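Here's the letter readout for the chains.
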Amino acid sequence: MIVPVPRRLVLLRHAKSSWDYPELRDRDRPLAPRGERAAALMADEIDRLDLQTEWVACSTAVRTRQTWALVAPSFARAPVELFDPDLYLATVPGLLARIAETPPRVASLLVIGHNPGFQDLATFLARADPELRSAVAGKLPTCALLAFSFDVSDWGGVASSRGELLAWRTPAMVERER
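The structure reproduced in this document is the subject of the present report. Remember, it's a predicted structure, so these values are computed and weren't measured experimentally.

## So, the sheet that holds strand β4 (residues 108-113)
Strand order in this open sheet of six strands is β3-β2-β4-β1-β5-β6, and the pairing throughout is mixed. In the strand order of this sheet, the two ends are held by β3 (80-84) and β6 (164-169), each with one partner. Going across the sheet, the axis of each strand differs from the next one's by a mean of 15°, ignoring polarity. Sheet analysis places strand β5 (residues 145-152) next to β6, joined by five bridges and oriented antiparallel. Each residue of the ladder has a partner; that of Ala147, found in β6, is Ala167. With respect to the sheet, helix α2 (residues 62-71) is in contact with β1 (5-13), β2 (55-59), β3 and β4, its orientation differing from that of β2 by roughly 150°. Strands in contact with helix α5 (residues 130-138) are β5 and β6; relative to β6, the strand with the most contacts, it is inclined by about 40°.

Okay, structure coming up:
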């Protein structure tokens with residue numbers, strides 16, 4: 001018999017990207033200065049909330065990789081990094097499939113990606129929490145952070161499990177509290 005264990009899933013939407021270079025493809029857009037500040041702010045929040053993870057799955061888009069580069073120094077121990085082109089504009093089924101591929105030995109995972117898939121995934125994962133579901137259903141802001149705990153035997157169980165919300169933070173929330 002496989003016993004469920006706590007697994008922590010942290011979702012981080014990429015920080016605000018720049019629209020200063022209209023010649024760039026969407027996946028090649030860098031962070032805006034505001035996005036760089038927000039990513040640094042959320043790095044501090046990840047550290048404050050002790051949301052360190054063992055693995056990071058990050059879209060290969062420039063803005064997600066730059067977001068991770070700004071957040072990574074907040075990790076006391078460098079996690080395994082997986083840069084996955086399939087996370088770029090992934091849908092909920094694609095995101096859940098990627099999460100399910102995480103090895104069972106991994107207890108904590110950070111996924112860095114994009115809307116609309118992240119907003120849809122957040123809404124799906126918040127199905128047991130009407131207040132959170134309402135909050136994220138409107139719009140998941142750039143650099144928003146959500147963390148959930150799931151008691152499942154492997155990461156494939158996240159799709160059918162009701163997780164417990166550990167954190168819901170946005171740069172605006174953090175700035176208001178400072």
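There is more to say after this.
## So, helix α1 (residues 33-48)
The terminal C-alpha atoms of α1 lie 23 Å apart, and with 16 residues this matches the ideal 22 Å at 1.5 Å per residue to within 8%. Those residues of α1 not exposed but buried are Gly35, Ala38, Ala39, Leu41, Met42, Ala43, Glu45 and Ile46. In the stretch just after α1, Asp50 is the one whose phi turns positive, near 55°.

## Focus: the side chain of Gln119
Of note, Gln119 is situated in helix α4 (residues 117-125). Ignoring any residue separated from it by four or fewer positions in sequence, one finds Gln119 in contact with Val136, Ala137, Gly138, Lys139 and Leu140.

## Some thoughts on the environment of Ala97
For Ala97, the position within the fold is in helix α3 (residues 92-100). With a relative accessible area of 38%, Ala97 lands in the partly exposed category. C-alpha separation for the pair Ala97 and Val158, spaced 61 residues apart in sequence, amounts to 9.9 Å.

## A word on the environment of Ser18
Note on placement: Ser18 falls in the loop between β1 and α1. In this structure the C-alpha to C-alpha distance between Ser18 and Arg63, which are 45 residues apart in sequence, comes to 8.8 Å. Sequence-distant contacts of Ser18, that is, excluding residues within four places in its chain, are made with Arg29, Pro30, Leu31 and Ala32. Only 3.0 Å separates the side chain of Ser18 from the backbone nitrogen of Asp20, close enough to count as a polar contact.

## Quick word on the packing of aromatic side chains
Under the definition given, this model contains two aromatic pairs. With a centroid separation of 5.3 Å and an interplanar angle of 70°, the aromatic rings of Trp68 and Phe75 are classed as edge-to-face. For the pair Phe148 and Phe150, a centre-to-centre distance of 6.1 Å together with 35° between the ring planes defines the contact as tilted. Note on accessibility: Phe148 and Phe150 belong to one class, buried. Across the ring face of Trp19, the terminal group of Arg29 is positioned such that the distance to the ring centre comes to 3.7 Å. When the ring centre of Phe124 is taken as reference, the NZ or CZ atom of Arg127 above it lies at 4.2 Å.

## Regarding the environment of Pro4
For Pro4, the position within the fold is in the segment before β1. We classify Pro4 as partly exposed; its relative accessible area is 44%. For Pro4, the contacting residues outside a window of four places in its chain are Asp151, Val152 and Ser153.

Analysis parameters
Residues numbered from 1 in each chain as written. Predicted model: local features only at pLDDT ≥ 70, side-chain atom pairs only at ≥ 80, totals over all residues. Heavy atoms only, no water. Pairing = 2+ DSSP bridges. Helix = DSSP H or I, 4+ residues; strand = E, 2+ residues; numbered from the N terminus. Axes fitted to C-alpha atoms, helices over the stretch in contact; angles between N-to-C directions. Contact = heavy atoms within 4.5 Å. Expected span 1.5 Å × (residues − 1). Buried < 20%, exposed > 50% of the residue type's maximum accessible area, 1.4 Å probe, protein only. Polar contact = N/O pair within 3.5 Å; in protein donor to acceptor, adjacent residues only side chain to side chain. Phe/Tyr/Trp six-rings, centres within 6.5 Å; stacked < 30°, edge-to-face > 60°. Lys NZ or Arg CZ within 6 Å of the ring centre and 35° of its normal.

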